[in-house]
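Listed here are the chains, written in short residue letters.
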Amino acid sequence: MFVQDLRNDFYRQLVGKRILIVVNYDIDAICASRILQALFKYDHMLYTVVPIMGVTGLKRAYGEHQGDVKYVVLMNCGGCVDIVELLQPAEDVTFFICDSHRPLDVCNIYSDRQVCILGDASLEENIPAFETIFYDSDGEDEEEEEDESSDPEQQHNDSGAGESDQEDEAPKSRKLSRLERHEQRILKQRARRQWESERDRIMFEYTQFSYYGRSAALMVFELAWKLSKDNMDLLWWAIVGITEQLLLGKIESGSYTLELEQIQSHVSRLTNKTNDQNTMSASKITFENDLHLVLYRHWPVTESMRYSRYSSCQLKLWTLRGEKRLHELLLEMGLPLVHARQTYGAMDLVLRKEFFSMVERLAEKYDIADIVYGTFTLSYGYRSRYAAADYVYALLAIMESVKKHKTPEDCFLEASDALSRQHKQLLSAGIDQAKLLHAAVFRQVQSSLEARQVHSAGSFFYYVLQEEHAFFSYPYALGLLARFLLRGHVATSRARQAPDLPLIASCPLDAAEGMCLLVGIVPVREDSPRNFFGKAFEQAAQKSGVALLQDFFEPAVVQLRQSDLTRFLDSLTVLLT
């Protein structure tokens, strides 16, 4: 069931209880959990935080802690699976789900008490009505039992010989009623089959696309605001959460723009509320139009434009002609190449102040009109100034930096700590790692496009990395590569249908086990980031007999054996043709 009054029906239910917080391995979930932990610390509440990467991790986390807790909060996980069926909890355990993944599981939606979904039911799309997907078979079973119990009596009566005509007519009427009952049973079975067929159609339409709802971090921040426990740090974490949704293509820009106005009102309110006069410790959040250039405040301008997906693909910067256009753009901007190749912070102050207006002025001429977007920046101290996108890319790089001596749990905690202003060195290290990641993505895109490694299967493109890669063996990094590669391929392709075709990218996970990671990306021209690959992967696996591991909460990210990849792609081609 849905819970709208978060203050009374969610937070106050948890006060004084021991709580298990299960957090999915994504930035929005980390930001949401940090805000919730800040609220719990205000009220001196006991809680345990467990990061997970998929359904298997969720089952393990609950299994390890089920004896200690009766209240479980799930951050960006659990909403799209039947929690009660999956975890088999005791009846007195309550789950509170704050999940931006959609569509939500119908069993969670129609749970009476045990599963509570944080959010407004009226904002959800196309939730099937209860009677169209759940069938009450108890009454039907009782009728069948009555029919069966009455038959032996009738058979006993029918076997007795009648002496008069009236006695002969009675069994005939009883036989007729038995026939009618048989016909009724057949009609009921037919109606049941029609209802099941209709239910399958309704459920397929409801679940065929995976997409994202409202940011979990923003939802939890609004709870903090209603509890009068909000501050600049909590608001900044909420901004980072929704910015991650925009930059990774989880929500469309229209949804992001609608949230900006409300966030701006919170910024104004908290700015006026803050009385901290110490410049070194005071934080200031400002709204401004910014550029879709990766980490340009921490990088030379030429590098940032080359490694940013949008500008690089529009100008085709992996080609000699594209490099020439970049130099033309910088020349027309009035930005000397010497300055453009310096770190942005070391550029001349006048050029830094005019840089945004320079790019904005020439954006349409060089076909990069969408490079401008509205965002927020955080300033504290004299030199520290970061855009929300800088935080997103830094945290993403930290989360993808899993090594032999560094587990995903370590990366999760490091990313969580990097959100705090007290751990500025972690953020700086994350920004350096992010530079390496984006440079690696660009080089891979350049070599793949030059070698023509993006192939068409008719209804989709596919790209297969043949060797394990330090960066791309993780879902988010492979997703970044796939989006860059698809946009780059569309920019260079002469095929008219190229902007309308999605891409599937694959990378080996573990050479010893022979497993590979598969990611499905929506077409470039698609306005809405709705992904049909989750359902398509599932159906293709059933038809081809391939064992598919759909353990992630993103349905379009799956694992399978490398030896099955060709058979699986063939089956997917037939399915989508």
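Residues numbered from 1 in each chain as written. Predicted model: local features only at pLDDT ≥ 70, side-chain atom pairs only at ≥ 80, totals over all residues. Heavy atoms only, no water.

Draft legend 1. Looking closely at the overall build of the protein. Looking only at helices and strands, the protein has 22 helices and 17 strands in total. Its C-alpha atoms put the protein at 120 × 60 × 45 Å along the principal axes. Taken across its 577 residues, the protein has 51% of its residues classed as buried. Intrachain contacts of the protein at a sequence separation of at least 6 include 72% that bridge at least 24 residues. Just so you have it, the protein exposes about 27800 Å², and 48% of that area is on carbon and sulfur atoms. (Helix = DSSP H or I, 4+ residues; strand = E, 2+ residues; numbered from the N terminus. Buried < 20%, exposed > 50% of the residue type's maximum accessible area, 1.4 Å probe, protein only. Contact = heavy atoms within 4.5 Å. Areas by Shrake-Rupley, 256 points an atom, 1.4 Å probe, with all protein chains shown as cover.)

Draft legend 2. The sheet that holds strand β17 (residues 557-561), seen in detail. Taken in spatial order, the six strands make up an open sheet running β12-β13-β14-β15-β17-β16, and their pairing is mixed. Edge positions in the open sheet fall to β12 (455-456) and β16 (548-549), since each of these has one partner strand only. (Pairing = 2+ DSSP bridges.)

Draft legend 3. Focus on the pattern of salt bridges. According to the stated counting rule, one finds 23 salt bridges in the structure shown. With a closest N to O distance of 2.7 Å, R102 and E124 form a salt bridge. Linking R102 in strand β6 (residues 101-102) with E124 in the loop between β7 (115-118) and α6 (130-133), this pair joins segments that are 22 residues apart in sequence. Note that E414 is salt-bridged to K406, the shortest N-O span being 3.1 Å. Here E414 and K406 have matching classes, each one buried. When salt bridges that share partners are traced, they join E288, D290, R297 and R385 into one network. (Salt bridge = Lys/Arg side-chain N within 4 Å of Asp/Glu carboxyl O.)

Draft legend 4. Structural detail: the packing of aromatic side chains. Summed over all chains, the structure comprises 21 aromatic pairs. A centroid spacing of 6.5 Å and a plane angle of 50° characterise the contact between F471 and F472, whose relative ring orientation is tilted. Here F472 falls in the buried class, since its relative accessible area comes to 0%. Through pairs of rings, three or more aromatic residues link up here, namely W236, Y380, Y386 and Y391. (Phe/Tyr/Trp six-rings, centres within 6.5 Å; stacked < 30°, edge-to-face > 60°.)

Draft legend 5. Representation of the packing of helix α10 (residues 232-247) against helix α17 (residues 388-399) within the structure. Taken N-terminus to C-terminus, the directions of α10 and α17 make an angle of 75°; their axes are 9 Å apart at the nearest point. It follows that α10 is roughly perpendicular to α17 by the angle criterion. Here W236, I239, V240, T243, E244 and L247 of α10 come into contact with α17, specifically with A388, A389, Y391, V392, Y393 and L395. Counted by class, the contact of α10 with α17 contains ten nonpolar, one polar and one charged residues. (Axes fitted to C-alpha atoms, helices over the stretch in contact; angles between N-to-C directions. Parallel < 35°, antiparallel > 145°, perpendicular 65-115°, else oblique. Nonpolar A, V, L, I, M, F, W, Y, C, P; charged D, E, K, R; others polar.)

Draft legend 6. The arrangement of the nonpolar core in detail. The biggest cluster of nonpolar side chains holds 121 residues, and the ones touching the most others in it are F10, L36, M75 and W236. Each residue touching W236, except ones within four places of it in the same chain, is listed here: I285, F376, T377, L378, Y386, A387, A388 and Y391. Residues L291, A340, V359 and A363 belong to the second largest nonpolar core, which totals 25 residues. (Core = buried A, V, L, I, M, F, W, Y, C linked by side-chain atoms within 4.5 Å.)

Draft legend 7. Just helix α16 (residues 349-362), in detail. The end-to-end C-alpha distance of α16, which contains 14 residues, comes to 21 Å, matching closely the 20 Å that a straight helix rising 1.5 Å per residue would cover. Restricting attention to buried positions, one finds in α16 the residues L351, F355, M358, V359 and L362. On its buried side, α16 packs onto β9 (283-291), α12 (301-307), α14 (320-333) and α15 (337-340). Its side-chain oxygen placed 3.0 Å from the backbone nitrogen of V350, D348 serves as the N-cap of α16. (Expected span 1.5 Å × (residues − 1). Polar contact = N/O pair within 3.5 Å; in protein donor to acceptor, adjacent residues only side chain to side chain.)

Draft legend 8. Here's a closer look at the pairing of strand β13 (residues 461-464). Alternating positions in β13 separate cleanly, F461 and Y463 being buried on one face and Y462 and V464 remaining unburied on the opposite face. In this structure, β12 lies alongside β13, joined through two bridges in antiparallel fashion. Bridge pairing links H455 to Y462 in β13. Here β12 folds back onto β13 in antiparallel fashion, the turn holding four residues, of which G458 has a positive phi close to 95°.

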